[in-house]
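# An overview of the molecular structure
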Amino acid sequence: MTPETIEAYGVRLRLFRPEDAADTAAACADPQTQRFISGLPSPYTEADARWWITEGAPAAWATGGAAYAIADRTSDRLLGGIGLSNPVPTRNQAEIGYWVAPRARGRGVATAATRALADQAFATGTARLELLTGGENVGSQRVALAAGFRHEGVRRDANPTRGGGRHDLLAWVRLADDPTGPTPRLLPDLPDGRLTDGTVTLRPLGPDDADLMYALHTRPEVVANQAPPVPPTRAAVDRRCALSGSAWLTGSIARMLILDAATGDPAGSTGLSYDDAAGEGTVGYALLPAWRGRGYATRTVRLLAGWAFGTVGMARLSATTLTDNTASQRVLERVGFRREGLVRGAVPGLDGARIDDAVYGLLPADLTD
């Protein structure tokens, strides 16, 4: 049995009331709520809110789920909504979802409410909870991690869009016997949101960087050193930038923009992927023509290596280059990478051909000043 009121972690979960209609309508009409929660009426009116309070929420309870208002513990004013849906009794499983009013965002409300409801669900027999997020909904992904959920995979085309298409959902899961507290991240946030040595600054890549990334990665000399040597489509670059935050949070790759520290002008891009099982990261980078030959690539790789070996705790870094890419090889050697061998036919070329790769490795003790 799920109680009508739960108080924990600084929030109150209670039943919806008629006086919540105005606040519910304002929150659910907000563009961000509309963007990330499918199925909401648009525009969302007080009539829709009253329907939810009198019919929608009670129906959730009647079908084995739950629908709570998140309320301020002092004023009892509505801050958002949270609930359990899609229960699978034979698996002791349910899905948890929430929304938060704009005026209450950034205060940890969603994390507190998710932890409170998850604790109650596990205390009353639920064994597994799922939290599904869109790939671009980085805020909800951070909530999932903070509430102890772990990334489990991708549900392809699991969610319909308003335009008639479909998009993927990321599955975050918490089990009843998982450790309490936030889920440790493989790739933590950068200190103060950036890495810098005073000359070069690295900051996370974002959706607004798509124009620059497309211009950089479709340059002929950059394409020639990609595998296969085929320029990316604009759609692929847009998607990479849009999902860069998600890739970082799930621990697969930290993509960053390279900036001139003095002016803030973009100089290129870089990335650090992580193989957790091997304790090894892989680095890559590309510079715009105006910034080449000025030591920016060397500084970039050195900054990445210091972060990888220090904050992240990697045991080893690797990098590969085409055998004739001597400029990139010199960058790696200046940082302390050692050439470890040649992998024949390692990467795809054009027309079914295969291309050799030179392999470089770096251990913490190898890193140069």
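Here, the structure is the one placed above.
Everything in this summary refers to the structure shown in the same document. Computed from a prediction, not measured in an experiment: that's the story for all the values here.

Turning our attention to unusual backbone geometry. Comment: phi is negative for the bulk of residues other than glycine, and the bulk of peptide bonds are trans. Geometrically, the link from serine 42 to proline 43 is a cis peptide bond, its omega value of 0° lying close to zero. Position of proline 43 relative to the elements: it lies in the loop between α2 (31–36) and α3 (46–62). One non-glycine residue with positive phi stands out, namely asparagine 92, at about 50°. Assignment of secondary structure puts asparagine 92 in the loop between β4 (78–88) and β5 (93–100). Positive phi, close to 50°, is recorded for aspartate 157, a residue that is not glycine. Checked against the element boundaries, aspartate 157 lands in strand β7 (residues 150–160). Overall, the relative accessible area of 41% leaves aspartate 157 in the partly exposed class.

So, on to the pairing of strand β13 (residues 280–287). With eight bridges connecting them, strand β12 (residues 266–275) and β13 associate as antiparallel partners. Its bridge partner lying in β13, aspartate 275 is registered against glutamate 280. Taking the residues that link successive antiparallel strands as the turn, the β12-β13 hairpin has four residues, and the phi of glycine 279 there is positive, at about 65°. Bridge count for β13 against strand β14 (residues 316–322) is three bridges, and the pairing is parallel. Paired with glycine 281 across the two strands is leucine 317, which belongs to β14. Taking the sense of rotation as the criterion, the β-α-β connection linking β13, helix α10 (residues 296–312) and β14 turns out right-handed.

Cut-offs used in this document
Residues numbered from 1 in each chain as written. Predicted model: local features only at pLDDT ≥ 70, side-chain atom pairs only at ≥ 80, totals over all residues. Heavy atoms only, no water. Helix = DSSP H or I, 4+ residues; strand = E, 2+ residues; numbered from the N terminus. Buried < 20%, exposed > 50% of the residue type's maximum accessible area, 1.4 Å probe, protein only. Pairing = 2+ DSSP bridges. Right-handed = clockwise from strand over helix to strand, strands pointing away.

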